[in-house]
Amino acid sequence: MSAVVSLRDVHKRFGQVEVLRGVTLDIAAGEVVAVIGRSGSGKSTALRCINRLEVIQSGTIEVCGHAVHDPALDLRVLRQDVGMVFQSYNLFPHLTVAENITLAPRRVKRTPRAEARSLAEEALARVGLSDKIDAYPEQLSGGQQQRVAIARSLAMHPKVMLFDEVTSALDPHLTGEVLKVMEGLARGGMTMIVVTHEMGFARRVADRVIFMHTGLVWETGPGQMLAAPQTPELKDFLAADL
Amino acid sequence: MGSFTLNHVLYLLQGAAWTVVLTALAFLLGGVAGFGVMVLRTSRSRIVRRASLLWVQAIQGTPLLILLFVVYFGLGVVGIELPPLLAAAVSLMVYSSAFLGEIWRGCVEAVPRTQTEAAECLALSRWQVLFDVVLPQAARIAVPPTVGFFVQVLKNTSLASVVGFVELTRASQVINNSLFQPFLVFGLAGCLYFALCYPLSRWSRRLERKLNVGRRQPA
């Protein structure tokens, strides 16, 4: 089993606060991993370290053969392999849905305009928003915006997708449509790391659940582990969640 | 002592035209330099940020009149003699670069950091992020304060009269020296300045209102 994402003893500090205190983790190709934990447990930070939105202090991170911990790494090469979706969607408000999706393929990969357009159509079809291709982000609901953000990421054909609490800003009835899209991706074989509060999604879709606590991987196992937590911390966390 | 004639009016209008030319030059040159200052002020390198801040503070803490003297008389002493128009334009460029650089830095930083992050995560380069994602959003915010600043610049071009450049203020001085009708002559000059500035101010205010409406209720 070859790991696509591999963290070894990763430490990350913000000033005096040590947010990651030695995280070690391997994720295989095609694996869907849900990362859960309280806020402040380091789960989002760990995710952001994987595509170097945060720089780590020690340890190593390898992603698709790129040494992320190496300061000399060309970030643009890394980020062509790693897609990321954020809690706040972060669509570009001055661009249409199509332009949001085609910007990176056209600028980074020099995809011709017409080809980029069909790339956008294809990506939008995957998230079920083909009819919104010429809309502006502000004309879409939160759930639709988040699906466009996923399509935007998909259009770069990443090998790994990172999801950072992508449904946390959504109403419950909009959460479902985004989770459905993610479930479709997971079934399609995408390697996904999903930081989430959606225990149902973690249980149902994830191949593996990782519970983080105080900057460490505290407990890990298949989705069923949520039904039978081994550590008191996970038990507490799950109890508080319900 | 003579009387005020049409020729005097034409002379004043000609001066006003040179005021507009000087303002336009300041806008073009100052815009380019100000863009450079903005890029340096938002650099990732702390040294570059500090150095450009020093430039901004030095210029902002110096009267425009002194800048004019340094460029016109100072450079003259070391053998670089600039014609008055060019000396005034260079001074205004230096002056505008500091203020525009800071105005635009503020606008660039007002674009949420998450926009930059999202663009970087799509593998865009620093310049692509700037030109495709940040600047189009910053420009919207930047127009009203930029126009407002150029109302100030237009009025400040009057200082160019001290290096002998015949713009509106200098033209009115010349006329007054022969007619000794300061109320009439300078009053007219004031009206001409107002006629130039007022539409700009109005425009700036309208742009600001438009921007605020856009924020309150997205189209």
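Quick notes on the rules
Counting restarts for each chain: residues are numbered from 1 in the order of the written sequence. Chain labels run from A onward and ligand labels from 1 onward, assigned in the order the entries are written. Since the coordinates come from a predicted model, pLDDT governs what is reported: local features require at least 70, and pairs of side-chain atoms require 80 or more to be given and counted, while whole-chain, interface and lining totals use all residues. The basis for every side-chain value is the complete set of non-hydrogen atoms in the structure, without hydrogens or water. UniProt positions are given in the numbering used here, feature names are shortened, and annotations may be inferred rather than shown by experiment. Strand pairing is assigned whenever DSSP identifies at least 2 bridges connecting the two strands. To qualify as a helix, a DSSP run of H or I must reach at least 4 residues; to qualify as a strand, a run of E must reach at least 2; elements of each kind are numbered from the N terminus. A fitted line through C-alpha atoms represents every axis, and for helices the fit uses only the stretch in contact; the resulting angles, taken between N-to-C directions, go from 0 to 180 degrees. Contacts are assigned to residue pairs that have any heavy atoms within 4.5 Å of one another. The predictor attaches a confidence to each residue, called pLDDT, with possible values from 0 through 100. Type-normalised accessible area, obtained with a 1.4 Å probe on protein chains alone, sets the label of each residue: buried when under 20%, exposed when over 50%, and partly exposed for intermediate values. Residues scored as positive are Lys and Arg, those scored as negative are Asp and Glu, and His as well as the terminal groups of each chain are ignored. A pair is scored as a salt bridge if a Lys or Arg side-chain nitrogen falls within 4 Å of a carboxyl oxygen belonging to Asp or Glu. For this analysis, a polar contact is any N or O atom pair within 3.5 Å, provided that within protein one partner can donate a hydrogen and the other can accept it, and provided that sequence-adjacent residues contribute only side-chain to side-chain pairs. When two components associate, each loses some accessible surface as probed by a 1.4 Å sphere; the sum of these losses over both components is called the buried area. Any pair of Phe, Tyr and Trp rings, taking the six-membered ring for Trp, is counted once the centres come within 6.5 Å. Such a pair is stacked with planes under 30 degrees apart, edge-to-face with planes over 60 apart, and tilted for the rest. Charge-over-ring placement is defined geometrically: NZ (Lys) or CZ (Arg) within 6 Å of the ring centre, and within 35 degrees of the ring normal.

By the naming in an unreviewed UniProt entry, chain B goes by Amino acid ABC transporter permease and is assigned to Methylobacterium variabile. According to the UniProt record, the Sequence similarities (unreviewed entry) comment for chain B reads "Belongs to the binding-protein-dependent transport system permease family. HisMQ subfamily."

Under an unreviewed UniProt entry, the name given to chain A is Phosphate ABC transporter ATP-binding protein, and the organism recorded is Methylobacterium variabile. Check the Sequence similarities (unreviewed entry) section of the UniProt entry for chain A; it says "Belongs to the ABC transporter superfamily."

A. Highlighting the sheet that holds strand β3 (residues 32–36) of chain A. All names here are of chain A. Taking strand neighbours across the sheet as the criterion, the six strands line up as β6-β7-β8-β3-β9-β10 in an open arrangement whose pairing is mixed. Looking at the sheet topology across the chains shown, the edges are occupied by β6 (82–85) and β10 (216–221). On average, each strand axis in the sheet is inclined to that of its neighbour by 20 degrees, with strand direction left out of account. Judged from the four bridges that link them, β3 and strand β8 (residues 191–195) form a sheet pairing that is parallel.

B. Structural context of the UniProt feature "domain: ABC transmembrane type-1" (unreviewed entry) in chain B. The UniProt feature table records "domain: ABC transmembrane type-1" (unreviewed entry) at residues 16–204 of chain B. The span residues 16–204 of chain B is 83% helix and 0% strand, and its two end C-alpha atoms sit 21 Å from each other.

C. Summary view of the sheet that holds strand β2 (residues 17–28) of chain A. Residue and element names in this part refer to chain A. Sheet architecture is open: four strands sit in the order β2-β1-β4-β5, paired in antiparallel fashion. Both edges of this open sheet fall to β2 and β5 (66–67), since each of them pairs with a single strand only. Bridge analysis of strand β4 (residues 58–63) against β5 gives two bridges, and the strand direction is antiparallel. Paired with V63 across the bridge in β5 is H66. This element, helix α1 (residues 43–50), spans β1 (3–14), β2 and β4 of the sheet and lies at about 120 degrees to β1.

D. Expanded view of the confidence of the model for chain B. Summarising the model, chain B shows a mean pLDDT of 91, and 95% of its residues fall at 70 or more. Confidence, read as mean pLDDT per element, is least for helix α8 (residues 182–216) of chain B in chain B (85) and greatest for helix α2 (residues 46–60) of chain B (96).

E. Structural detail: the side chain of A:E219. Residue and element names in this part refer to chain A. Positionally, E219 belongs in strand β10. Buried and unpaired, E219 has K235 as its nearest opposite-charge partner, separated by 8.8 Å. Separated by 2.8 Å, the side chain of E219 and the backbone nitrogen of Q230 make a polar contact. Side chain to side chain, E219 and T231 meet in a polar contact 2.7 Å long. Sequence-distant contacts of E219, defined by excluding residues within four places in its chain, comprise V209, I210, F211, M225, P229, Q230, T231 and L234.

F. Layout of the UniProt feature "domain: ABC transporter" (unreviewed entry) in chain A. UniProt records the feature "domain: ABC transporter" (unreviewed entry) for residues 5–239 of chain A in the present numbering. The span residues 5–239 of chain A is 36% helix and 26% strand, and its two end C-alpha atoms sit 31 Å from each other.

G. Spotlight on the interface of chain B and chain A. Contacts between chain B and chain A engage 18 residues on the former and 24 residues on the latter. Of the roughly 1,800 Å² buried where chain B meets chain A, counting both sides, 60% is carbon and sulfur surface. The largest per-residue losses of area from chain B upon contact with chain A belong to B:C121, B:L122 and B:A123, which jointly make up 34% of the total buried on that side. For the interface between chain B and chain A, the tally reads two salt bridges. A:R48 is the salt-bridge partner of B:E117, the closest N and O atoms lying 2.6 Å from each other.

H. Focus on the packing of aromatic side chains. A complete count under the given rule lists 12 aromatic pairs over all chains for this structure. Geometrically, the ring pair formed by B:F149 and B:F150 is edge-to-face, given 5.4 Å between the ring centres and 75 degrees between the ring planes. Taken together, the ring pairs connect B:F27, B:Y95, B:F99, B:F149 and B:F150 into an aromatic cluster. In this structure, A:R152 is placed above the aromatic ring of A:F92, and the distance from its NZ or CZ to the ring centre is 4.4 Å. Here the basic side chain of B:R126 rests over the ring of B:W127, its NZ or CZ set 5.6 Å away from the ring centre.

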